[in-house]
There are 2 protein chains.
Amino acid sequence: MRSREETRHDTVLLDVDGTLVDSTYHHALAWHRAFRRHDISLPMWRVHRSIGMGGDRLVGVLAGDDVEQRIGDELRSAWHEEYAKLADEVEPLPGAADLVRTLSRRFTVALGSSGKPEFTRQAVDLVGVRDDVAVVTTSEDAPSSKPAPDILEIALQKSGGRSAIVIGDSTFDVSSAARMGAPCVAIRTGGFGADELRDAGAVLVARGLPDLLDADWDELARMQPPPGASDEPPLP
Amino acid sequence: MRSREETRHDTVLLDVDGTLVDSTYHHALAWHRAFRRHDISLPMWRVHRSIGMGGDRLVGVLAGDDVEQRIGDELRSAWHEEYAKLADEVEPLPGAADLVRTLSRRFTVALGSSGKPEFTRQAVDLVGVRDDVAVVTTSEDAPSSKPAPDILEIALQKSGGRSAIVIGDSTFDVSSAARMGAPCVAIRTGGFGADELRDAGAVLVARGLPDLLDADWDELARMQPPPGASDEPPLP
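Nothing here was measured: the structure is a model prediction, and the numbers come from that model.

Looking at the relation of the copies chain B and chain A
Mapping chain B onto chain A calls for a rotation angle of 180° and an axial translation of 0.0 Å; the resulting RMSD is 0.0 Å. Both copies are brought into coincidence by an operation consistent with a two-fold rotation axis. No C-alpha of chain B approaches the rotation axis more nearly than that of Gly 193 of chain B, which lies at 2.2 Å.

Written as structure tokens, this is what we have:
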């Protein structure tokens, strides 16, 4: 039988885009512009709701496998160009540095992003928490992007932690976490509705990072993801 | 006692931004850029959730009455410039023209927008439904913007209708409708969560306009808004 100490998560894994920096809407616009370059017209709200999965999956999910096979790489390259033009507008989300520093006193803190390394580095520098986190893991470190658990699993492994709580802003963070057995605390900053995050299996939904300073981290450190949270989140 | 025919709504009032054209996210970015010009930093998701109320109210609600009094008009002017740069990217939402034409065979159809006349005209031309609607009402025609009912009431009055069903995409459309006693059908295209729209009092929530072709319009034409739907929608 494991002791109580052993069942307590020792690590917090944080998502970056939409969680530490306010980049979700810029990513949505960049993808929308990338698709438009190829005469593919998608409602912005559907593009928005797909931000948080990796770019390797997004094209096929939104535009179909045929488009992915035909011009997937061209679309990702167009997205990269379009996002680079918008990246300077991206700001830290309120409370990001404060929460990371506060959590780092009680937990090992690691960052796990589905994003490109250059944009993730830029985001981490912007928030100014490089010295407060054990490791930063990006799409380059993992074979499959969210909602696959690979990025989070590698972040946990590299950080030397035993088990983790995840903080994210999208349904993909929730299911990605659940697939490695981790509970996910979700914040509204990615623009998902509270019900979408709860239905995905978030164990707590908060407006933003400052609200998590007052959360009961002792309780969260003992939680497990609810049944079904590891399912592929449906795109609305 | 009113006959059954008299209790049947004879008019459909449609919102324009986010309902007929895919402009919600462009409006959010334009407002975000406008606030940034004045060194006011607001999380994008909160700006997004305020799109649908009029610009006369948005500044005070998002940034406070002090900011409204000090630089409200400058912010609106900055938004206008920023949105004008993005407006060419705005596209009709799928099914917009088809739904307007289909409904116009059974109902008087009128458009009621909180937007600026020039952008609303541009949107209506883009969708190509000017000849299918009885009237287009914009912020210029009404003293107060949504969620006040003025714009919808004036649109109903000008169209010669007796009572209306409203189709919109935001919680502000729902409460604006309820304040004139009209039920509101809400679509997800503005990026609100389904629960946000249902909680606001939408009598039906659909993914988009094509889904409304199959709705039971006989039933909708007899519905009333639920109690509480006229309350000011809370900003999340």
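A few points about the interface of chain B and chain A
Between chain B and chain A, the contact holds 32 residues from the first and 32 residues from the second. Buried area between chain B and chain A, both sides added, is near 2,500 Å², and the carbon and sulfur share of it is 50%. Ranking the residues of chain B by area buried against chain A places Tyr 25, Trp 45 and Glu 91 of chain B at the top, with a combined share of 26%. Along the contact surface separating chain B from chain A lie 6 salt bridges. Between Glu 196 of chain B and Arg 188 of chain A there is a salt bridge, and its shortest N-O distance comes to 3.6 Å. Taken together, the connections running from chain B to chain A amount to 13 residue pairs in polar contact (both at pLDDT 80 or more). Breaking the side of chain B that touches chain A down by element, the ones donating at least two residues are helix H1 (24-37), helix H2 (44-50) and helix H9 (194-200) of chain B. The element best represented in the side of chain B that touches chain A is H1 of chain B, accounting for 6 residues. Looking at the side of chain B that touches chain A residue by residue, the classes come out as 13 nonpolar, 7 polar and 12 charged.

Brief notes about the sheet that holds strand E4 (residues 164-168) of chain A
Residues and elements named next belong to chain A. In space, the 6 strands of this open sheet follow the order E3-E2-E1-E4-E5-E6, with parallel pairing throughout. If you trace the sheet from one side to the other, it starts and ends with strand E3 (135-137) and strand E6 (204-206), each paired once. The average undirected angle you get between the axes of adjacent strands in this sheet is 20°. Set on the sheet, helix H7 (residues 150-159) makes contact with strand E1 (11-14), strand E2 (108-112), E3 and E4; between it and E3 the angle comes to about 160°.

Structural notes on the domain arrangement of chain A
Residue and element names in this part refer to chain A. Partitioning chain A into domains gives domain 1 (11-23 + 91-220) and domain 2 (24-89). Taking only C-alpha atoms into account, the centre of domain 1 sits 22 Å from that of domain 2. Opposite the 22 residues of domain 1 that make contact, domain 2 presents 20 residues. Contact between domain 1 and domain 2 buries roughly 1,600 Å² in total, counting both sides, with carbon and sulfur atoms accounting for 49%. For domain 1, the biggest contributors to the area lost against domain 2 are Ser 23, Phe 119 and Phe 172; these three give 33% of the whole. Remark: the boundary between domain 1 and domain 2 carries 1 salt bridge. Glu 196 is the salt-bridge partner of Arg 49, the closest N and O atoms lying 2.7 Å from each other. At the junction of domain 1 and domain 2, the tally comes to 12 residue pairs in polar contact (both at pLDDT 80 or more). Sort the elements by how many residues they give to the side of domain 1 that touches domain 2 and helix H6 (residues 117-127) lands first, with 3 residues. Broken down by class, the residue content of the side of domain 1 that touches domain 2 amounts to 4 nonpolar, 10 polar and 8 charged.

A closer look at the packing of aromatic side chains
Using the criterion set out here, one finds 15 aromatic pairs over all chains in the structure. Ring geometry for Trp 31 of chain B versus Trp 79 of chain B: centroids 5.4 Å apart, planes at 15°, classification stacked. Here Trp 31 of chain B is found in helix H1, whereas its partner Trp 79 of chain B is found in helix H4 (residues 65-86), with 48 residues between them in sequence. Their ring planes at 65° and their centres at 5.9 Å tell us that Phe 107 of chain B and Trp 217 of chain B sit as a pair that is edge-to-face. You can see Phe 107 of chain B sitting in the loop between helix H5 (96-103) and strand E2 (108-112) and its partner Trp 217 of chain B sitting in helix H11 (residues 217-220), a full 110 residues away along the chain. Each of the two residues, Phe 107 of chain B as well as Trp 217 of chain B, counts as buried. Grouping aromatic residues by their ring pairs yields a cluster made of Trp 31, Phe 35, Trp 79, Tyr 83 and Phe 119 of chain A. Stacked on the ring of Phe 192 of chain A, the Lys or Arg Arg 49 of chain A has its end atom at 5.6 Å from the ring centre.

Focus: the pattern of salt bridges
All names here are of chain A. All chains considered together, the criterion is met by 35 salt bridges over all chains. In this structure, Arg 101 engages Asp 132 in a salt bridge whose closest nitrogen and oxygen atoms are separated by 3.3 Å. Of this pair, Arg 101 sits in helix H5 (residues 96-104) while Asp 132 sits in the loop between H6 and E3, and the two are 31 residues apart along the sequence. For Arg 101, a relative accessible area of 34% puts it in the partly exposed group.

About the thresholds
- Residues numbered from 1 in each chain as written.
- Chains lettered and ligands numbered in written order.
- Predicted model: local features only at pLDDT ≥ 70, side-chain atom pairs only at ≥ 80, totals over all residues.
- Heavy atoms only, no water.
- Least-squares fit on C-alpha atoms with pLDDT ≥ 70 in both.
- Contact = heavy atoms within 4.5 Å.
- Buried area = accessible area lost by both parts, 1.4 Å probe.
- Salt bridge = Lys/Arg side-chain N within 4 Å of Asp/Glu carboxyl O.
- Polar contact = N/O pair within 3.5 Å; in protein donor to acceptor, adjacent residues only side chain to side chain.
- Helix = DSSP H or I, 4+ residues; strand = E, 2+ residues; numbered from the N terminus.
- Nonpolar A, V, L, I, M, F, W, Y, C, P; charged D, E, K, R; others polar.
- Pairing = 2+ DSSP bridges.
- Axes fitted to C-alpha atoms, helices over the stretch in contact; angles between N-to-C directions.
- Domains from an automatic or database assignment.
- Phe/Tyr/Trp six-rings, centres within 6.5 Å; stacked < 30°, edge-to-face > 60°.
- Buried < 20%, exposed > 50% of the residue type's maximum accessible area, 1.4 Å probe, protein only.
- Lys NZ or Arg CZ within 6 Å of the ring centre and 35° of its normal.

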